[in-house]
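Per-entry structural report
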Amino acid sequence: MIRLDDATLTYPDGAGRITAVDHVSLTGKPGVVTGITGPSGSGKSSILALAATLIRPDSGHVWIGDVDAAKISRREATDLRRDRIGIVFQQSNLIASLTAREQVEVMGELGGHDERARRRLVRSHVEELLDSVGLAGQGGKRPAQLSGGQRQRVAIARALAHEPEVLLIDEPTSALDQERGAEIMELIHRLTHERNTSTLLVTHDLVHRKSLDELLTVVDGKITEHTTQHGASGASAAAAPSAS
Ligand code: ADP
Ligand code: MG
């Protein structure tokens, strides 16, 4: 589970500060894809950066399970990220010289509390992961030999390699045509349900609405609307306590 509780984030802006995330509360539940949408500059990526523990909020809480990332050291945040969070950026950020298989395997080399166990875990299921993202037989290819959609699939496999409980994805379809985009969204939806990850997915493109179980709309750093796949709607729902 990932939960932001009344989180506020500001950045320096000339003499003052700009509020990018303004008292946001949201919950990402296991097995659920929670979409975050809103205009450019509304604070979507900043919300993900908070959830990813890449940046600490000025105030409020960021719960990853029972750990408040707002309260831990940088070092602890690095460990938390490595153990429990998977991140997919807008661009797939693959390493040009590595094959698809190696991009995923690299996640086993990052160490952590039990380095050898982690390496074993990743190694043991690289092929299965490549399979599950639709890249069976493509493991030997480097990024330049893959299409944009295939590169995103590698990035998703890499994010899942250490079996994170939280999956954070920023605009995964922005570089893809609509059909390829729909396939990636479907894939994320399926993997979230199969692997029970708490998935937050930023998108400004609501063509793919049906792959999102819940949808939050952000305007000027605030959540203005919360809808579920079943159509329930309301600004306050986003702040409601989660059952899990
Ligand atoms: P979105 O992802 O919805 O486009 P962002 O979270 O990137 O929005 O940005 C929210 C606001 O914070 C914008 O006004 C943006 O200009 C500002 N912002 C984002 N990152 C930084 C930063 N590192 N330093 C200063 N301002 C930033
Ligand atoms: Mg953004």
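Description of the structure in this document. Only a predicted model underlies this, so the values are computations on that prediction, with no experimental measurement involved.

1. Focus on helix α6 (residues 178-195)
Taking 1.5 Å per residue as the helical rise, α6 with its 18 residues ought to reach 26 Å, and the 25 Å between its terminal C-alpha atoms agrees with that figure. For α6, the full list of buried residues reads G181, I184, M185, L187, I188, H189, L191 and T192. Packing partners of the buried residues in α6 comprise β3 (32-37), α4 (115-132), α5 (148-160), β7 (166-170) and β8 (198-202). Of the residues flanking the start of α6, the one acting as N-cap is D177, its side-chain oxygen 3.1 Å from the backbone nitrogen of E179. Just past α6, the residue N196 takes up positive phi, approximately 60°.

2. Observations concerning the environment of R209
Along the chain, R209 falls in the loop between β8 and β9 (214-219). Remark: the alpha-carbon pair of R209 and Q229, spanning 20 residues in sequence, is separated by 8.7 Å. Discounting residues that sit within four places of it in the chain, R209 has contacts with L215, T227, T228 and Q229. Within polar-contact distance, the side chain of R209 engages the side chain of T227 at 3.3 Å.

3. Description of the pattern of salt bridges
For the structure on display, the rule yields 14 salt bridges. Between E214 and K29 there is a salt bridge whose closest N-O contact spans 2.8 Å. Of this pair, E214 sits in strand β9 while K29 is found in the loop between β2 (16-28) and β3, placing the two residues 185 residues apart along the sequence. In this structure E214 comes out as buried when scored by relative accessible area, which is 10%. For K29, a relative accessible area of 23% puts it in the partly exposed group. Note that D68 is salt-bridged to K71, the shortest N-O span being 3.6 Å. With a relative accessible area of 9%, D68 lands in the buried category.

4. Quick notes on the pairing of β3
The buried count for β3 comes to six of six residues, which makes it a mostly enclosed element. Across the two faces of β3 the burial is the same, with V32, T34 and I36 and V33, G35 and T37 all buried. Strand direction decides the pairing type here: β3 and β8, joined by five bridges, are parallel. Within β8, the position partnered with T34 by the bridge is L200. Bridge count between β3 and β9: four bridges; the pairing is parallel. Each residue of the ladder has a partner; that of I36, found in β9, is L216.

5. Looking at the sheet that holds β3
Pairing is mixed in the open sheet, where six strands are placed in the order β6-β7-β8-β3-β9-β10. The open sheet is flanked by β6 (85-88) and β10 (222-228), the only strands paired with a single partner. Neighbour-to-neighbour, the strand axes of this sheet turn through a mean angle of 15°, independent of strand direction. Taken together, the five bridges between β7 and β8 define a ladder with parallel strand orientation. Along β8, the bridge assignment pairs I169 with L201. Strand contacts of helix α2 (residues 74-84): β6 and β7, with the helix running at about 80° to β6, the strand carrying the most contacts.

6. Notes on the nonpolar core
Grouped together as the largest cluster of nonpolar side chains are 31 residues, with contacts concentrated most on V104, L130, V133, I156 and L201. Those elements that place two or more of their residues in this core are α3 (100-105), α4, α5, β7 and α6. Of all the elements, α5 adds the most residues to this core, at six residues. Residues in contact with V104, not counting those within four places in the same chain, are V122, V126, L129, L130, V154, A157, R158 and A161. Within the second largest apolar cluster, 28 residues are counted, among which are V21, I47, L48 and V218.

Conventions and cut-offs
- Residues numbered from 1 in each chain as written.
- Chains lettered and ligands numbered in written order.
- Predicted model: local features only at pLDDT ≥ 70, side-chain atom pairs only at ≥ 80, totals over all residues.
- Heavy atoms only, no water.
- Helix = DSSP H or I, 4+ residues; strand = E, 2+ residues; numbered from the N terminus.
- Expected span 1.5 Å × (residues − 1).
- Buried < 20%, exposed > 50% of the residue type's maximum accessible area, 1.4 Å probe, protein only.
- Contact = heavy atoms within 4.5 Å.
- Polar contact = N/O pair within 3.5 Å; in protein donor to acceptor, adjacent residues only side chain to side chain.
- Salt bridge = Lys/Arg side-chain N within 4 Å of Asp/Glu carboxyl O.
- Pairing = 2+ DSSP bridges.
- Axes fitted to C-alpha atoms, helices over the stretch in contact; angles between N-to-C directions.
- Core = buried A, V, L, I, M, F, W, Y, C linked by side-chain atoms within 4.5 Å.

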